[in-house]
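Secondary and tertiary structure notes
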Amino acid sequence: DAMVIQNPRYQVTQFGKPVTLSCSQTLNHNVMYWYQQKSSQAPKLLFHYYDKDFNNEADTPDNFQSRRPNTSFCFLDIRSPGLGDAAMYLCATSSGEGVSYNEQFFGPGTRLTVL
Amino acid sequence: AQSVTQLDSHVSVSEGTPVLLRCNYSSSYSPSLFWYVQHPNKGLQLLLKYTSAATLVKGINGFEAEFKKSETSFHLTKPSAHMSDAAEYFCVVTGTGGFKTIFGAGTRLFVKA
């Protein structure tokens, strides 16, 4: 089945130690998103790629970076995790056509713990 | 500007009774509207979507929603709640003419036996 895969499902890191979360997709979608979701809150968009074009949200801290080496993979890098970065990180994909974005398909998420 | 408001942070129903989760939106463009469900520690699953076709949209697991432009609403309903429906539900609006996906704050549905 076509899907969005996130690895690992659970990640523990230390305060200030860089961490990378990964996302892959078999849907061949051209748009990939990263969201941060804290407990009992809605997902908050960090950034997205439309094809190779990177689109950062204005309020995303510089501590968060992303890479998309090819259509299938996208990475979220947290350069110096703080305690406030502990959250669920969700990857999503969609098919974009011009300026129209279709529904998003979500991965299961990576739960990040910062010690 | 676009916005979405989920009118209830929590809804509690008894198993077998109807479910109503309310969502109002504001959009300068013709919106696309979605409902997603999220079970604990899981990703979001698309329940249904409205993209300017039929105003009554049927989704998975017996859910449906009606787009009412005059009321700027997109409420989610189900005739009979099941215990497995207990989850968080998000109403989402995406406008054409420019990307911006807006999530509602979410409604937590509790289903009592």
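Look above for the structure.
Here we summarise the structure given alongside this text. As the structure is a computational prediction, the values presented were derived from the model and not from experiment.

Thresholds, definitions, all that
Residues numbered from 1 in each chain as written. Chains lettered and ligands numbered in written order. Predicted model: local features only at pLDDT ≥ 70, side-chain atom pairs only at ≥ 80, totals over all residues. Heavy atoms only, no water. Helix = DSSP H or I, 4+ residues; strand = E, 2+ residues; numbered from the N terminus. Rg over C-alpha atoms; globule rule 2.2 N^0.38 Å. Buried < 20%, exposed > 50% of the residue type's maximum accessible area, 1.4 Å probe, protein only. Contact = heavy atoms within 4.5 Å. Areas by Shrake-Rupley, 256 points an atom, 1.4 Å probe, with all protein chains shown as cover. Lys, Arg positive; Asp, Glu negative; His and termini not counted. Charge placed at Lys NZ, Arg CZ, Asp CG, Glu CD. Pairing = 2+ DSSP bridges. Axes fitted to C-alpha atoms, helices over the stretch in contact; angles between N-to-C directions. Core = buried A, V, L, I, M, F, W, Y, C linked by side-chain atoms within 4.5 Å. Buried area = accessible area lost by both parts, 1.4 Å probe. Salt bridge = Lys/Arg side-chain N within 4 Å of Asp/Glu carboxyl O. Polar contact = N/O pair within 3.5 Å; in protein donor to acceptor, adjacent residues only side chain to side chain. Nonpolar A, V, L, I, M, F, W, Y, C, P; charged D, E, K, R; others polar. Disulfide = S-S within 2.5 Å.

**Topic: the overall build of chain B**
- Looking only at helices and strands, chain B has zero helices and twelve strands in total.
- Whereas a compact globule of 113 residues would reach a radius of gyration of roughly 13 Å, chain B reaches 13 Å, a difference of no more than 12%.
- Out of the 113 residues belonging to chain B, those deemed buried represent 45%.
- A sequence separation of at least 24 residues applies to 56% of the contacts in chain B between residues at least 6 apart.
- For chain B, the accessible surface area stands at approximately 5,300 Å², while carbon and sulfur atoms represent 52% of it.
- Averaged over its 10 positive side-chain charges, chain B has a centre that lies 6 Å from the centre of its 7 negative ones.

**Focus on the sheet that holds strand β8 (residues 73-78) of chain A**
All names here are of chain A.
- Pairing is antiparallel in the open sheet, where four strands are placed in the order β1-β3-β8-β7. The open sheet has two edge strands with one neighbour each: β1 (4-7) and β7 (64-67). On average, each strand axis in the sheet is inclined to that of its neighbour by 20 degrees, with strand direction left out of account.
- Alignment of β1 against strand β3 (residues 19-25), held across four bridges, turns out to be antiparallel. Counterpart to Ile5 in the pairing with β3 is Ser24.

**Quick notes on the pairing of strand β9 (residues 73-78) of chain B**
Residues and elements named next belong to chain B.
- Note: strand β3 (residues 19-21) against β9, three bridges, orientation antiparallel. Pairing of Leu20 across the sheet is with Thr77, part of β9.
- Where strand β8 (residues 64-68) lies against β9, five bridges are found, and the strand directions are antiparallel. Each residue of the ladder has a partner; that of Ala65, found in β9, is Leu76.
- Between the antiparallel neighbours β8 and β9 lie four residues, among them Thr72 with a positive phi of about 45 degrees.

**Observations regarding the nonpolar core**
- Membership of the largest hydrophobic core comes to 27 residues, with the highest contact counts inside it found for Trp35(B), Leu48(B), Leu76(B) and Tyr89(B).
- For this core, the leading source of residues is strand β10 (residues 87-95) of chain B, giving four residues.
- If we skip the residues at most four places from it in the chain, Leu76(B) touches Val19(B), Leu20(B), Leu21(B), Trp35(B), Leu47(B), Leu48(B), Phe63(B), Glu64(B), Ala65(B) and Tyr89(B).
- If you look at the next biggest cluster of nonpolar residues, it comprises 18 residues, including Val19(A), Leu21(A), Tyr89(A) and Val114(A).

**Some details on the interface of chain B and chain A**
- Facing 20 residues of chain B, the contacting portion of chain A comprises 22 residues.
- Overall, the association of chain B and chain A removes approximately 1,600 Å² of surface from exposure, summing both partners, and the carbon and sulfur fraction of that is 59%.
- Run the count over chain B and chain A and you get one salt bridge.
- Put simply, chain B and chain A have six residue pairs in polar contact (both at pLDDT 80 or more) between them.
- Classifying every residue of the side of chain B that touches chain A gives eight nonpolar, nine polar and three charged.

**As for the pattern of salt bridges**
- Under the definition given, this model contains seven salt bridges over all chains.
- Residues Asp77(A) and Arg67(A) are paired through a salt bridge, measuring 2.7 Å at the closest nitrogen-oxygen approach. Of this pair, Asp77(A) sits in strand β8 while Arg67(A) sits in strand β7; the two residues are ten residues apart in sequence, bridging distant segments of the chain.
- Look at Arg67(A) and you get partly exposed, because its relative accessible area is 39%.
- Of the charged contacts in the structure, one is a salt bridge between Lys49(B) and Glu103(A), with a shortest N-O distance of 2.8 Å. Of the two residues, Lys49(B) is situated in strand β6 (residues 44-50) and Glu103(A) in the loop between β11 (100-101) and β12 (105-106); the pairing between them involves two chains.

**With respect to the state of the cysteines**
Residue and element names in this part refer to chain A.
- The full count for this structure, using the stated rule, is two disulfides over all chains.
- At a sulfur-sulfur separation of 1.9 Å, the disulfide partner of Cys23 is Cys91. The disulfide joining Cys23 to Cys91 has a torsion of about -70 degrees about its S-S bond and is therefore left-handed. Here Cys23, found in strand β3, pairs with Cys91, found in strand β9 (residues 87-94); they are 68 residues apart in sequence, far enough to count as distant.
- Free cysteine: Cys74, not disulfide-bonded; nearest cysteine sulfur from Cys91 at 6.1 Å.

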